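# Summary of structural features
Below, each chain spelled out in residue letters.
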Amino acid sequence: CDPQEQIRHIAPAVSTRSSLCSHAADSVHSSQSAMLAQRRAACLRSARVPVPTISGVRCVGRQQLQVVAFGPPQAHGAGTTSTASKELGEKEKGFINEMRRVAMKLHTKDQAPKEGGVEAPKPRVWAPTLKGYLRFLTESQAVYQAMESAVQDTSMHPEYAAFQQTGLERSQALTQDLAWFKEKFDLDPPLLEEAGPGTQYAQKVLGLAKTDPQAFICHFYNYYFAHTAGGKMIGSKVAGMLLEGHTLHFYQWNGDLQEHLDGVRKQINELSEHWEAEQKQHCLAETTESFKMAGVIMGCITSEV
């Protein structure tokens, strides 16, 4: 959702930080309250809009006193109006925010009404099959294995070390799920073909990791992050249609998923600070290719073999 801005120009947030002893807190709070009361009165005279409330007042020992006036809550995924009224989330900072915006433009308007830039295709019957879903999982594992292998090789790009053990890794989870398919349905994972989408994407990932780190990071970001969003929704739907509601390990993460995502966002932001403008644009331009290759793998879900 887009942030709401009706407060920003009328009652700006006031943030006062001072190192005060506890006996001084009351006098500081009083003066701040008087100042805010005057602002509130002026606002009410000039316009009938919501007036911010005060929170976050504290002074203990020599801790800092902070008085902040907050406007309406601002929601996920959109731009911000003021860093004083809302602390930026990790996905709204730096280069990762540009990557997210470019990716959202490649979503349909049905998927992302406010940010989607692609017209939704005509509705059609979506019919996943058990064998098709198994192929999707197998092809996906090839790509995740390539991603995990690529960041282990830091001989040419030591910056990849920051993307090891992020908590987002999926290949081991998929190994468990493929074993479950064998036990539950007596289905073995299909053999991967040289020209198959998983093998092709895995080879591309490994090549980019060596020769084109900006493009590699684009694929790394989009492939992992898409799985934690739309991928989870698809997994839930397929589970209800084909797996008797069983949740695969593929859709479960150890620890706090949001912390894992923010950790990767932070690492990409820090890495991109060392990139030239042309390198950043090159990274963003690779987004379309990452969507295209991932989409072919996703299409396996409805196949019959």
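None of these values were measured; they are calculated from a predicted model. Per-chain numbering applies: the sequence of each chain, read as written, is numbered from 1 onward. Note on the predicted model: pLDDT of at least 70 is required for a residue's local features to be given, and 80 or more for side-chain atom pairs to be given and counted; whole-chain, interface and lining totals, by contrast, use all residues. As a convention, hydrogens and water are excluded, and side-chain values are obtained from all of the structure's heavy atoms.

### With respect to the overall build of the chain
Heads up, the rule is: In DSSP terms, a helix is any run of H or I states spanning at least four residues, a strand is any run of E spanning at least two, and both are numbered starting from the N terminus. The buried label goes to any residue with under 20% of its type's maximum accessible area, the exposed label to any with over 50%, and the partly exposed label to all in between, with areas taken from a 1.4 Å probe on protein chains only. Any pair of residues with heavy atoms lying within 4.5 Å of one another is described as a contacting pair. Method for areas: the Shrake-Rupley scheme with a 1.4 Å probe, in which residue coverage is limited to the protein chains shown.
Along the chain, the regular secondary structure elements total 10 helices and 3 strands. Reading the chain from its N terminus to its C terminus gives the helix and strand order β-α-β-β-α-α-α-α-α-α-α-α-α. For the chain, buried positions account for 40% of its 305 residues. Expressed as a percentage of contacts within the chain between residues at least 6 apart in sequence, the contacts between residues at least 24 apart total 73%. As presented, the chain carries roughly 16,900 Å² of accessible surface, and 52% of it is formed by carbon and sulfur atoms.

### Thoughts on the packing of aromatic side chains
The criterion, for reference: For this analysis, a ring pair means two rings from Phe, Tyr or Trp (six-membered ring only for Trp) whose centres lie within 6.5 Å, classed as stacked if their planes differ by under 30 degrees, edge-to-face if by over 60, and tilted for the remaining angles.
For the structure shown, the criterion picks out 17 aromatic pairs. Both rings, one in Trp 180 and one in Phe 181, keep their centres 5.6 Å apart while their planes meet at 85 degrees; by these two values the pair is edge-to-face. For Phe 181, a relative accessible area of 0% puts it in the buried group.

### A closer look at the pattern of salt bridges
Should the charged atoms of two oppositely charged side chains come close, the side chains can pair. Operational definition: Basic side-chain nitrogens of Lys or Arg form a salt bridge, by our definition, when they fall within 4 Å of a carboxyl oxygen of Asp or Glu.
All chains considered together, the criterion is met by 8 salt bridges. With its nearest N and O atoms 3.2 Å apart, the salt bridge here joins Arg 100 to Glu 115. Taken as a pair, Arg 100 in helix 2 (residues 94-105) and Glu 115 in the loop between helix 2 and helix 3 (130-152) lie far apart in primary sequence, 15 residues in all. Residue Glu 286 is joined to Lys 204 by a salt bridge in which the shortest nitrogen-to-oxygen separation is 3.9 Å. You can see Glu 286 sitting in the loop between helix 9 (277-285) and helix 10 (287-298) and its partner Lys 204 sitting in helix 5 (residues 197-211), a full 82 residues away along the chain. Here Glu 286 falls in the buried class, since its relative accessible area comes to 12%. Each of Lys 182, Asp 186 and Asp 188 takes part in one network of salt bridges that share partners.

### Topic: the side chain of Thr 228
Assignment of secondary structure puts Thr 228 in helix 6 (residues 213-228). If we skip the residues at most four places from it in the chain, Thr 228 touches Trp 253, Leu 257 and Leu 261.

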